[in-house]
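# A look at the structure
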Amino acid sequence: MRRFSNEFIKSYQLSFTRYYRGAVGALLVYDIAKHLTYENVERWLHELRDHADANIVIMLVGNKSDLRHLRAVPTDEAKAFAEQNNLSFIETSALDSTNVETAFHNILTGKQLKFYIEEKIDLHFFTRTIELL
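These lines cover the structure that appears in this document, whether it is placed above or below. Keep in mind the model is a prediction, meaning the values are calculated, not measured. (Residues numbered from 1 in each chain as written. Predicted model: local features only at pLDDT ≥ 70, side-chain atom pairs only at ≥ 80, totals over all residues. Heavy atoms only, no water.)

### Some words on the packing of aromatic side chains
Per the counting criterion, the structure on display carries two aromatic pairs. Consider the rings of Y30 and Y38, whose centres lie 5.1 Å apart with planes at 65 degrees: the pair is edge-to-face. On the basis of relative accessible area, Y38 is assigned to the buried category, the value being 9%. For the pair Y38 and F81, a centre-to-centre distance of 6.1 Å together with 70 degrees between the ring planes defines the contact as edge-to-face. Taken together, the residues span a long stretch of sequence, with Y38 in helix 2 (residues 35-39) and F81 in helix 4 (residues 75-84) at a distance of 43 residues. For the pair Y38 and F81, a shared accessibility class is recorded, and that class is buried. (Phe/Tyr/Trp six-rings, centres within 6.5 Å; stacked < 30°, edge-to-face > 60°. Buried < 20%, exposed > 50% of the residue type's maximum accessible area, 1.4 Å probe, protein only. Helix = DSSP H or I, 4+ residues; strand = E, 2+ residues; numbered from the N terminus.)

This is the structure in structure tokens:
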């Protein structure tokens, strides 16, 4: 087992926080054929909500929908989780490109994201105006 100094841990946490700074959207992707990846979604969601902007738009993405015969995560279970956590939801296949473009399009054109971007732009303009005065 490796021991880390408190300084290293603080530095790591600071770097992680910087990674989320400024993000307006996030895709939480899990493998529909591996339940463990779905189980980790809740931890990543908490990580996002703890470190990202409160208005970040988050989409839950079940990937590898082409592996229906190996499905370990029921669609209804993932949809219910998304609804309970106010996330949008889609299943995709990176292998055959099913819904990949749609996922990005949906998160980039979502009402929440548009409002958030406009709010950021207005806030930035307002801040710059005050600095110039």
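Here the narrative resumes, following the displayed structure.
### With respect to the side chain of T92
Residue position: T92 is located in the loop between strand 3 (88-91) and helix 5 (100-109). Owing to a relative accessible area of 4%, T92 belongs among the buried residues under this scheme. Look past the residues within four positions of T92 in its chain and what remains in contact with it is V61, G62, N63, K64, S65, T98, N99, V100 and A103. (Contact = heavy atoms within 4.5 Å.)

### With respect to the pattern of salt bridges
A full pass over the atoms with the stated rule returns two salt bridges. One salt bridge in this structure joins D31 and K64, with 3.1 Å as the shortest N-O distance. Remark: K64 occurs in the loop between strand 2 (57-63) and helix 4 and D31 occurs in strand 1 (residues 25-31); sequence separation between them is 33 residues. Residues R71 and E91 are paired through a salt bridge, measuring 2.9 Å at the closest nitrogen-oxygen approach. Here R71, found in the loop between strand 2 and helix 4, pairs with E91, found in strand 3; they are 20 residues apart in sequence, far enough to count as distant. Note on R71: relative accessible area 29%, which makes it partly exposed. (Salt bridge = Lys/Arg side-chain N within 4 Å of Asp/Glu carboxyl O.)

### Topic: the nonpolar core
Nonpolar side chains in soluble globular proteins generally cluster together in the buried interior. Core analysis: the largest hydrophobic core is formed by 17 residues, its most contacted members being L28, Y30, L48, I58, L60, F81 and L87. Not counting the four nearest positions on each side in its chain, L60 is found in contact with L28, Y30, V41, A78, F81, A82, L87, S88, F89 and I90. The next biggest cluster of nonpolar side chains, apart from the first, holds six residues, and it includes V57, V61, I90 and I107. (Core = buried A, V, L, I, M, F, W, Y, C linked by side-chain atoms within 4.5 Å.)

### Comments concerning helix 4
Residues of helix 4 that are buried: A78, F81 and A82. Along helix 4, the residues classed as buried sweep out an arc of 100 degrees about the axis, all on the same side. In helix 4, the exposed residues that point more than 90 degrees away from the buried face are D76, E83 and Q84. Positioned one or two residues after helix 4, N86 has a phi angle of 55 degrees, which is positive. (Arc of directions from axis to C-beta.)

### Topic: the environment of H35
Along the polypeptide, H35 turns up in helix 2. With 37 residues separating them along the chain, H35 and A72 place their C-alpha atoms 5.5 Å apart. With near-sequence residues (within four places) excluded, H35 lies in contact with A72, V73 and E77. Among the polar contacts listed, one links the side chain of H35 to the side chain of E39, at a separation of 2.8 Å. (Polar contact = N/O pair within 3.5 Å; in protein donor to acceptor, adjacent residues only side chain to side chain.)

This is a description of form; function is not addressed.
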